[in-house]
There are 2 protein chains.
Amino acid sequence: MTTAPRPHTQADLRRRNLAAVLHAVAGGGPASRAAVAGRIGLTRAAVSTLVDELLGAGLLVEQGPGRSGAVGRPGTVLALSDSGPCGLGAEIGVDHLAVCAVDLRGRVRARVAVDSANRDSEPGPVLARLAELVRLVTGRVGAAGLRPAGLCVAVPGLVARDAPTVVRSPNLGWGLTRLDSLAGRLGTADGTLPVGADNEANLGALAELWLGGHEPAPLDVLHVSAEIGIGAAVLVGGRLLRGERGFAGELGHVPVRPRGRACGCGGRGCLEQYAGEEAVLRAAGLDPARVAAERPGPGARVGLLAERAAAGDRTVLRVLRSAGADLGVALTGAVSLLDPQAVVLGGALARLAPWLLPAAEQELDRRMTGRPGVLVSRLGPDGPLLGAAHSVIRAVLDDPPTGRR
Amino acid sequence: MTTAPRPHTQADLRRRNLAAVLHAVAGGGPASRAAVAGRIGLTRAAVSTLVDELLGAGLLVEQGPGRSGAVGRPGTVLALSDSGPCGLGAEIGVDHLAVCAVDLRGRVRARVAVDSANRDSEPGPVLARLAELVRLVTGRVGAAGLRPAGLCVAVPGLVARDAPTVVRSPNLGWGLTRLDSLAGRLGTADGTLPVGADNEANLGALAELWLGGHEPAPLDVLHVSAEIGIGAAVLVGGRLLRGERGFAGELGHVPVRPRGRACGCGGRGCLEQYAGEEAVLRAAGLDPARVAAERPGPGARVGLLAERAAAGDRTVLRVLRSAGADLGVALTGAVSLLDPQAVVLGGALARLAPWLLPAAEQELDRRMTGRPGVLVSRLGPDGPLLGAAHSVIRAVLDDPPTGRR
């Protein structure tokens, strides 16, 4: 027998309904109490009590009279506060650091990014630089009356979210690295800002779900992205499939040529050996290390490939076609298992999509009788950073901190 | 933005807590009202009200005084009723039909199975024979005071569960086939028994979760099974991942030799071409059609392979080793994507596990640095039938039909 459902208490009910009110305003836009009650199917009286609590906590604000053309006495309109809590997102990339702040309405209120050579780095100095950027952003939004509700850090690697701890990041060269030490260095009043972290591919997939502009947003998605390696995130019903050890989504290590090239993971013929950034650069006759030295900064190497492909470089076009075909084989296996509504190419792959996608889709069409569409992310490399900041905002909307528990 | 959470009403709360009480007795065994209250963390008074409603609906029964050694006045003990609702499960196999009835306590109270050549059959006569078996089982358990709460049919193919309808079953040779017509032919008083259906691999995976005897039962599982094709079911947090079109779990069509043999699905090098029952029989020099004619009945062809392997037949051993290696390649891809707690070999594959598993595990070990264990189902070919009957029981436990809504 599996676990019995947990019984619900009146307090659970209240918290869930506070969240329903906040989501109704977030999803449907500013509205009167009566309109909110209509949206969520609770009585006007019940909604009024919940709204009072949310106003008191500074999560909702009242705006002047609503639509002047409406019949009857114009009521005040409820909106999410733009000077209450904000979410801080941070990204530790191989080539850069970035931090942003997003308010409850989902607007980016401050953002900084700097080039930073983080590959094979010591975690200490990198985290010190990151803390400095966070203080900068916090200072800016503090002047506008916003106070951070939490910080979420996007990391290219395996993350234990509860600690939060980077378990390992081959690209950064980091082993076990705790991130909770950041909390005391962020310049907040009491040094206790909640700090979270997640894998960049996961946060990129969530950003696409929340901000991708798809109507309705597909909830069952294979989101493929890349920085150096090839990663993927799987959304099931709008929630991340994380796996037993947090390893889910390792599309880069799906065998596509089972008797092929040995891979750093110990396997053979993994997708990353044919469609990863380094493999593609080498196949195009370019030395990854030299290119990295000549073109530092995020996305520069992928940018070089995109430039050459756009200019009609036959070698690069052939190499990207071949990588696309291998990607198509891996996607065939993944789609057979998951049957998602959509496949999304995000991160650096979005930029190479014009050249990878035709060959990948040709493989899918050859191998499958029906298949989901392959979409290209509009957020591209911004996904993980935005996903990190918005994950803090979502946590506020899902369990509004009103002081009462 | 994604959908807002639905607010909860007092009625939702009551229904959830009725389920919590019923699950507490189902999972923890017979207990007094006070012990149930302790198990689920509600007050004794709240539990008493819920229990009265469940007693009235015939879902719980009171048994004589509890442990006589206990201190104080012995209270009555609550148990699940063994003469209330029962779940009917049915299975339409390629070679057989089976029906069983399971009571709320999870005991099989009646079961019939008959050989039946259903491959490339007309649905009408098959469903008529199935209805006859259901009437037989219903009659038997009716004499013991049990009344069917519903029927769930396990089908080797793609099922639209809401209708319920077989969308297509290549092995049965069925196209679109509605199963709700069964309801009127089952011999129930008013001809309105709720009829459901699901894919056999899905029901086999649920049966393993509920009845597999693993403590604690793994909730994130890749459950691989086979009748003629190779199917899989993916459990995420104890729930089936169904996919957008209900196609999730098509492990048989994961490419394991991408430039290899053409497959009936239109693809190339699919796992089924190397590890499917027909492929294995052919590779062992056996004609699948002739073997089927000589050995009718469920599991006969797999039985032949198992007999020969057990007798040391070198050709069969070599063929099963090779099939196991290809299975290992497909599992590497699936485990990389899903990172499950466990892989389970069920159905016909369970019987061949002694010969498939070593080669499959060797591939996994070569290709992955850490990986989940591969378990062999103890339910084997009984899984889908038991899963079907238990899914009806689970629906009763999850939303107890007490008459009040």
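Note that the structure is predicted; figures quoted are calculated from it, not measured.

Asks: I'd like a rundown of the overall build of chain A, residues and numbers included.
Replies: If you tally the helices and strands in chain A, you get 12 helices and 15 strands. In summary, chain A has a C-alpha radius of gyration of 23 Å against a globular reference of 22 Å for 405 residues, a match within 12%. Oriented by its inertia axes, the alpha-carbon framework of chain A measures out at about 70 × 55 × 50 Å. For chain A, the proportion of its 405 residues judged to be buried stands at 51%. When contacts within chain A are restricted to residue pairs at least 6 apart in sequence, long-range pairs at least 24 apart make up 64% of them.

Asks: Summarise the domain arrangement of chain A; cite the residues concerned and give the values.
Replies: Residue and element names in this part refer to chain A. Taken domain by domain, chain A comprises domain 1 (10–80), domain 2 (86–203 + 385–398) and domain 3 (214–377). When each unit is reduced to the centre of its C-alpha atoms, the spacing between domain 1 and domain 2 is 31 Å. In this complex, domain 1 contributes six residues to the contact, which on the side of domain 2 involves four residues. In terms of residues, the side of domain 1 that touches domain 2 owes the most to one element, helix α1 (residues 10–28), which gives four residues. Classifying every residue of the side of domain 1 that touches domain 2 by side-chain character gives five nonpolar, one polar and no charged.

Asks: Residues and numbers for the relation of the copies chain A and chain B, please.
Replies: Mapping chain A onto chain B is achieved by rotating through 180° and translating by 0.0 Å along the same axis, at an RMSD of 0.0 Å. Between the two chains, the operation in question is that of a two-fold axis. Both copies share a contact surface, since 100% of the interface residues of chain A are interface residues in chain B too.

Asks: I'd love a proper account of the environment of Leu42 of chain A, names of residues and values included.
Replies: Here Leu42 of chain A lies in the loop between α2 (33–40) and α3 (44–56). It is 31 Å that separates the C-alpha atoms of Leu42 of chain A and Glu208 of chain A, two residues lying 166 residues apart in sequence.

Asks: Which residues make up helix α11 (residues 347–367) of chain A, and what values go with them?
Replies: Between its first and last C-alpha, α11 of chain A extends only 26 Å over 21 residues, short of the 30 Å set by a 1.5 Å rise per residue. A bend of about 80° at Ala353 of chain A is the largest found in α11 of chain A, and the proline Pro354 of chain A appears one to four places after it.

Asks: Can you explain the sheet that holds strand β13 (residues 239–241) of chain A? Please cite residues and give values.
Replies: The pairing of strands in a sheet happens through backbone hydrogen bonds and is either parallel or antiparallel. Residues and elements named next belong to chain A. The strand order across the open sheet formed by five strands is β13-β12-β11-β14-β15, and the pairing between neighbours is mixed. Looking at strand neighbours, the two that pair on one side only are β13 and β15 (373–376), the edges of this open sheet. Taken over all neighbouring pairs, the strand axes of this sheet differ in orientation by 30° on average, direction set aside. In terms of strand pairing, strand β14 (residues 342–345) meets β15 through four bridges, oriented parallel. By the bridge assignment for β15, Val343 is matched with Val374. Along the sheet, α11 contacts β11 (221–226), β14 and β15; its crossing angle with β11, the most-contacted strand, is approximately 115°.

Asks: So, the pairing of strand β10 (residues 195–199) of chain A: which residues are in play, and what are the values?
Replies: Residue and element names in this part refer to chain A. Among the five residues of β10, four are classified as buried, and the element is accordingly described as predominantly covered. Note that strand β6 (residues 147–155) and β10 share five bridges and pair parallel. Bridging across to β10, Leu151 finds its partner in Val195.

Asks: Describe the nonpolar core, naming the residues involved and giving the relevant values.
Replies: Ranked by internal contacts, the top residues of the largest apolar core, which has 258 residues, are Val21 and Ala389 of chain A together with Val21 and Ala389 of chain B. Residues contacting Ala389 of chain A, with those up to four places away along its chain left out, are Gly87, Leu88, Gly89, Cys100, Ala101, Val102 and Cys152 of chain A.

Asks: Tell me what's going on with the interface of chain A and chain B, and back it up with residues and numbers.
Replies: Residue-level contacts link 58 residues of chain A with 58 residues of chain B. For the side of chain A that touches chain B, the secondary-structure elements that each account for two or more residues are α1, α5 (200–211), β12 (230–236) and α10 (314–338) of chain A. Residues belonging to the side of chain A that touches chain B are distributed by class as follows: 32 nonpolar, 17 polar and nine charged.

Asks: So what about the sheet that holds strand β7 (residues 158–160) of chain A? Which residues, and what values?
Replies: Residues and elements named next belong to chain A. Taken in spatial order, the three strands of this open sheet run β7-β8-β9, and their pairing is antiparallel. Every interior strand has two partners, whereas the edge strands, β7 and β9 (177–178), have only one. Sheet analysis places β7 next to strand β8 (residues 165–168), joined by three bridges and oriented antiparallel. Residue Val159 lies in a different strand from β8, and its bridge partner there is Val166.

Asks: So what's going on with the packing of helix α9 (residues 300–310) of chain B against helix α10 (residues 314–338) of chain B? Residues and values would help.
Replies: Residues and elements named next belong to chain B. Contact geometry for α9 and α10: axes closest at 8 Å, N-to-C directions at 115°. Relative to α10, the element α9 lies roughly perpendicular. Remark: the crossing between α9 and α10 carries left-handed chirality. Listed contacts from α10 to Leu305, Arg308 and Ala309 of α9 are Val316, Leu317 and Leu320. Tallied by class, residues from the contact of α9 with α10 come to five nonpolar, no polar and one charged.

Asks: Quick one: what's the story with the confidence of the model for chain A, residue by residue and with numbers?
Replies: The predicted model of chain A has a mean per-residue pLDDT of 90, with 94% of residues at 70 or higher. Predicted complex, confidence summary: ipTM 0.88, pTM 0.88.

Asks: Which residues make up unusual backbone geometry, and what values do they have?
Replies: The residue after Glu215 of chain A, namely Pro216 of chain A, is reached through a cis peptide bond having omega -5°. Positionally, Pro216 of chain A belongs in the loop between α5 and β11. Positive phi is not limited to glycine here, since Asp120 of chain A has a value of about 50°. Tracing the backbone shows Asp120 of chain A in the loop between β5 (108–115) and α4 (123–142). C-beta crowding within 10 Å serves as the criterion here: with 11 such atoms nearby, Asp120 of chain A is assigned to the exposed category. Phi is positive for Asp339 of chain B, close to 45°, though the residue is something other than glycine.

Rules used throughout
Residues numbered from 1 in each chain as written. Chains lettered and ligands numbered in written order. Predicted model: local features only at pLDDT ≥ 70, side-chain atom pairs only at ≥ 80, totals over all residues. Helix = DSSP H or I, 4+ residues; strand = E, 2+ residues; numbered from the N terminus. Rg over C-alpha atoms; globule rule 2.2 N^0.38 Å. Buried ≥ 20, exposed ≤ 12 C-beta atoms within 10 Å, placed from the backbone. Contact = placed C-beta atoms within 7 Å. Domains from an automatic or database assignment. Nonpolar A, V, L, I, M, F, W, Y, C, P; charged D, E, K, R; others polar. Least-squares fit on C-alpha atoms with pLDDT ≥ 70 in both. Expected span 1.5 Å × (residues − 1). Bend = angle between axes of the 7 residues up to and from the residue. Pairing = 2+ DSSP bridges. Axes fitted to C-alpha atoms, helices over the stretch in contact; angles between N-to-C directions. Core = buried A, V, L, I, M, F, W, Y, C linked by C-beta atoms within 7 Å. Parallel < 35°, antiparallel > 145°, perpendicular 65-115°, else oblique. Left-handed = near helix turned anticlockwise from the far one by under 90°. pLDDT = per-residue confidence, 0-100.

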